[in-house]
Structure formats: C-alpha cells, structure tokens
Amino acid sequence: MTKSVLIEKIAEKIDGLSKKQTEVIIETIFESIKEALAKGGKVEIRGFGNFRLRSRKARKARNPKTGESVDVPPKKVPYFKVGKELREMVNRNI
Amino acid sequence: MTKADLADKLYEKIGLPKKETAAIVEILFDSMKHILSEGESIKITGFGTFLVRKKSARKGRNPKTGTELEIEQRRVVTFKPSLQFKELVEKV
C-alpha cells in the first residue's frame, strides 16, 4: 500500500476532510517525525512503535568496482522499534 | 515527542484545531496498524517502508536455563527508512 491509498482510506474516515487536506496532514505528520529525529530526539507512538536514531561505527569498506579500500565514517541511522500492540496484532490471524 | 506533540505540530504548521488534530493522528496510526495486521506493507514516499515479514518456525533456547524450545512461525514488522530520511540524519 502506498501513501496515496493510505490517504484515501483516512479521508474516508474523517468527515469534512478532502483528499488534498488529508494529504497535507499526513505529509506534515511524517515530516514532523523526521524533523524530531534530525534534532536528535525520538518519537514515541504508543501502541504503534518508537522512532529513534542508532549509531553506526566507522568501518572500512571496499569499492566493489575497483577493489579500493574506503573509510566509511561513523553515522546515525533511523531505527523503528515496533510497539507491543502492533507486534501482537500482526500475529493474530496467521 | 509523542502523539500529542505531533497533534500540536499539525496545529502549528497548518492551523487545524487541536481537538481535530489529536483525532487525526490517532486515526492515522490506527489505520496503519490495521493495514499491517492484514499482512500488507506500507510505503510512505520520502519517509520509508513498513514491511511485514514472515519468520518461519525454528528451534530456540531459553538463554537462562538452556532448555530447547520451539519458536512458532510468526510475522514481524520492520521499517526500512528512505534514502532521503537516512541522508537527513546521518550526521546528527
């Protein structure tokens, strides 16, 4: 499912909201999550999960084409930890 | 940041009444939970993809007691951030 299908589903559920308005809202929510993490914060959505950053150590890698060794600097990556409720929900009907 | 703060952001950024924004945030994550629990993945362009992956049954061990036990087949949700998201935070 893509964002546009999700937008349609949600627009149906909320009276008086157009698809365009719903789209702006959903974009804004995900933008806000990204911004919070970009500031070094974390986002906790009870029942759904938590978003935070994880550290990756510096490492040496190789350019697969040339075989040359390159240094990969340490960096942060987005990490999502699924919430208890969602973890249980996806296992309810299998 | 919590759901309430996300609702506040919606108020600040697009001026929706606070009462409505809280309900919308709730509906969004609720809908996503239901879609994922049907086994369907969700791709949010510019943000990332929530994937539902199947894990087959395997034998495991209770790390405390060492007793062997059967871990049943299950589904797990994973998140693969978009390139854009990864680039935004890599130097934080």
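A brief look at the structure comes next. Predicted, not measured: the structure shown is a model, and the values here were computed from it.

## Quick look at the overall build of chain B
And then number 1: Looking only at helices and strands, one finds three helices and five strands in chain B.
And then number 2: Counting from the amino terminus, chain B carries its helices and strands in the arrangement α-α-β-β-β-β-β-α.
And then number 3: A compact globule built from 92 residues should have a C-alpha radius of gyration of about 12 Å, whereas chain B, at 19 Å, is more than 25% larger.
And then number 4: With the C-alpha coordinates of chain B rotated into their principal frame, the extents come out at 55 × 35 × 30 Å.
And then number 5: In the form shown here, chain B has an accessible surface area of approximately 5700 Å², with 50% of it arising from carbon and sulfur atoms.

## Brief notes about the interface of chain A and chain B
And then number 1: With 45 residues of chain A at the contact, the number on the chain B side is 43 residues.
And then number 2: Here Lys 33 of chain B ties to Glu 85 of chain A by a salt bridge, and the two come within 3.2 Å at their closest N and O atoms.
And then number 3: Counting the contacts that link chain A with chain B gives 16 residue pairs in polar contact (both at pLDDT 80 or more).
And then number 4: Ranked by residue count, the leading element in the side of chain A that touches chain B is helix H2 (residues 19–38) of chain A, at 13 residues.
And then number 5: Looking at the side of chain A that touches chain B residue by residue, the classes come out as 27 nonpolar, seven polar and 11 charged.

## Some points on helix H1 (residues 3–13) of chain A
And then number 1: Turning to H1 of chain A, its buried residues number three or more, namely Lys 3, Leu 6, Ile 7, Ile 10 and Ala 11 of chain A. Taken down its axis, H1 of chain A places every buried residue within 135 degrees of arc, on the same side.
And then number 2: Against H2 of chain A together with helix H2 (18–37) and strand S1 (42–44) of chain B lie the buried residues of H1 of chain A.

Cut-offs used in this document
Residues numbered from 1 in each chain as written. Chains lettered and ligands numbered in written order. Predicted model: local features only at pLDDT ≥ 70, side-chain atom pairs only at ≥ 80, totals over all residues. Heavy atoms only, no water. Helix = DSSP H or I, 4+ residues; strand = E, 2+ residues; numbered from the N terminus. Rg over C-alpha atoms; globule rule 2.2 N^0.38 Å. Areas by Shrake-Rupley, 256 points an atom, 1.4 Å probe, with all protein chains shown as cover. Contact = heavy atoms within 4.5 Å. Salt bridge = Lys/Arg side-chain N within 4 Å of Asp/Glu carboxyl O. Polar contact = N/O pair within 3.5 Å; in protein donor to acceptor, adjacent residues only side chain to side chain. Nonpolar A, V, L, I, M, F, W, Y, C, P; charged D, E, K, R; others polar. Buried < 20%, exposed > 50% of the residue type's maximum accessible area, 1.4 Å probe, protein only. Arc of directions from axis to C-beta.

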